[in-house]
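Listed below, chain by chain, are the residues.
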Amino acid sequence: IDELNCWLGVVLAQGPPEEIREKLLHIQHRLFDIGGELSLPGHDAIDGDDIAGLEGWIQQYNETLPPLKEFILPGGGQAAAFTHVARAVCRRAERHLTALSGTEEGINPQSLVYLNRLSDLLFVLARVLTGRDSDGEVYWDRRRPGRT
């Protein structure tokens, strides 16, 4: 969780648009809340409203993007590339927290859902930042020359 929060700080250091900056700062605070939950088992700081907020942002930004027809390769300018790294770290944090919830009691299940939705939001934000900072997305080419 701490590593993810640090990567979001790296994204913020790239100067994203103010609207995205505000959302990432909000998310950084929520990640600290998840850290608090982990240090105080049974203390729940993340709830359905937090998840609904992420889902609303995903929908808001997805409406501005072209539909995906193929997988995209991570990249697209510094802010987008760092956002892709944050997305991958978020997925790892989700896997670790899921494993921890199988052995420890008191893990807030809403925090697991929050991390899952956050990784989706980070993917969408990476796409938005790619459109702002580069020549566009690079799609995975399953038929590229030399592929067996």
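Structure's up top.
Scope of this entry: the structure provided in the associated data block. Computed from a predicted structure; not experimentally measured.

What about the packing of helix α1 (residues 2-13) against helix α2 (residues 18-39)?
Interhelical geometry of α1 versus α2 gives an angle of 165° and a closest axis separation of 10 Å. One finds that α1 runs roughly antiparallel with respect to α2. Viewed along their axes, α1 and α2 form a crossing whose handedness is left-handed. Note on element contacts: α2 touches α1 through R21, L24, L25, I27, Q28, L31 and F32, opposite L4, N5, L8, G9, V11 and L12. Taken together, the residues of the contact of α1 with α2 break down into nine nonpolar, three polar and one charged.

Here we look at α2
With 22 residues, α2 extends 32 Å between its outermost C-alpha atoms, agreeing within 8% with the 32 Å of an ideal straight helix rising 1.5 Å per residue. Within α2 the residues assigned to the buried category are I20, K23, L24, I27, Q28, R30, L31, I34 and E37.

Structural notes on the pattern of salt bridges
Within this structure, the stated rule accounts for nine salt bridges. E18 serves as the salt-bridge partner of R21, at 3.7 Å between the closest nitrogen and oxygen. Note that R21 and E18 are positioned in helix α2 at a spacing of three residues, about one turn of the helix. When its relative accessible area of 35% is taken as the criterion, R21 is described as partly exposed. In this structure, the salt-bridge partner of R117 is D120, at a minimum N-O distance of 2.4 Å. Residue R117 and its partner D120 are both found in helix α5 (residues 109-133); the two are separated by three residues, about one turn of the helix. It is possible to trace a salt-bridge network through shared partners that takes in E55, R91, E94, R117 and D120.

Side note on the environment of W57
You can see W57 is positioned in helix α3 (residues 48-62). A sequence separation of 46 residues divides W57 from T103, and the C-alpha atoms of the two residues are 32 Å apart. The contact partners of W57, leaving out residues within four places of it in the chain, are K23, H26, I27 and L121.

Looking at the nonpolar core
Counting residues in each nonpolar core, the largest one holds 34 residues, and the members touching the most others are L4, L24, I27, L115, L118 and L121. The greatest single-element share of this core, amounting to ten residues, is contributed by α5. Those residues in contact with L118 that sit more than four places away from it in its chain are L4, I27, L31, L54 and C90.

Section: the packing of α1 against helix α4 (residues 78-103)
At a minimum axis separation of 9 Å, α1 and α4 run at an interaxial angle of 170°. One finds that α1 runs roughly antiparallel with respect to α4. Contacts between α1 and α4 involve E3, L4, W7, L8, V10 and V11 on the former and, on the latter, A79, F82, T83, V85, A86, V89, C90 and R92. Of the residues that constitute the contact of α1 with α4, the class distribution is eleven nonpolar, one polar and two charged.

Focus on the side chain of T130
Among the structural elements, T130 can be located in helix α5. Other than its neighbours up to four places away in sequence, T130 contacts G75, G76, A80, G136 and E137.

Quick notes on α3
Over its 15 residues, α3 extends 21 Å from the first C-alpha to the last, a length consistent with the 21 Å expected when each residue adds 1.5 Å. Every buried residue of α3 is listed here: D50, I51, L54, W57, I58 and Y61. Along the long axis of α3, the arc covered by the buried residues comes to 120°, so they all point the same way. Of the exposed residues in α3, those oriented more than 90 degrees away from the buried face are D49 and Q59. Where α3 begins, one side-chain oxygen reaches toward the backbone nitrogen of D49, 3.0 Å away; that side chain belongs to D47.

Parameters at a glance
- Residues numbered from 1 in each chain as written.
- Predicted model: local features only at pLDDT ≥ 70, side-chain atom pairs only at ≥ 80, totals over all residues.
- Heavy atoms only, no water.
- Axes fitted to C-alpha atoms, helices over the stretch in contact; angles between N-to-C directions.
- Helix = DSSP H or I, 4+ residues; strand = E, 2+ residues; numbered from the N terminus.
- Parallel < 35°, antiparallel > 145°, perpendicular 65-115°, else oblique.
- Left-handed = near helix turned anticlockwise from the far one by under 90°.
- Contact = heavy atoms within 4.5 Å.
- Nonpolar A, V, L, I, M, F, W, Y, C, P; charged D, E, K, R; others polar.
- Expected span 1.5 Å × (residues − 1).
- Buried < 20%, exposed > 50% of the residue type's maximum accessible area, 1.4 Å probe, protein only.
- Salt bridge = Lys/Arg side-chain N within 4 Å of Asp/Glu carboxyl O.
- Core = buried A, V, L, I, M, F, W, Y, C linked by side-chain atoms within 4.5 Å.
- Arc of directions from axis to C-beta.
- Polar contact = N/O pair within 3.5 Å; in protein donor to acceptor, adjacent residues only side chain to side chain.

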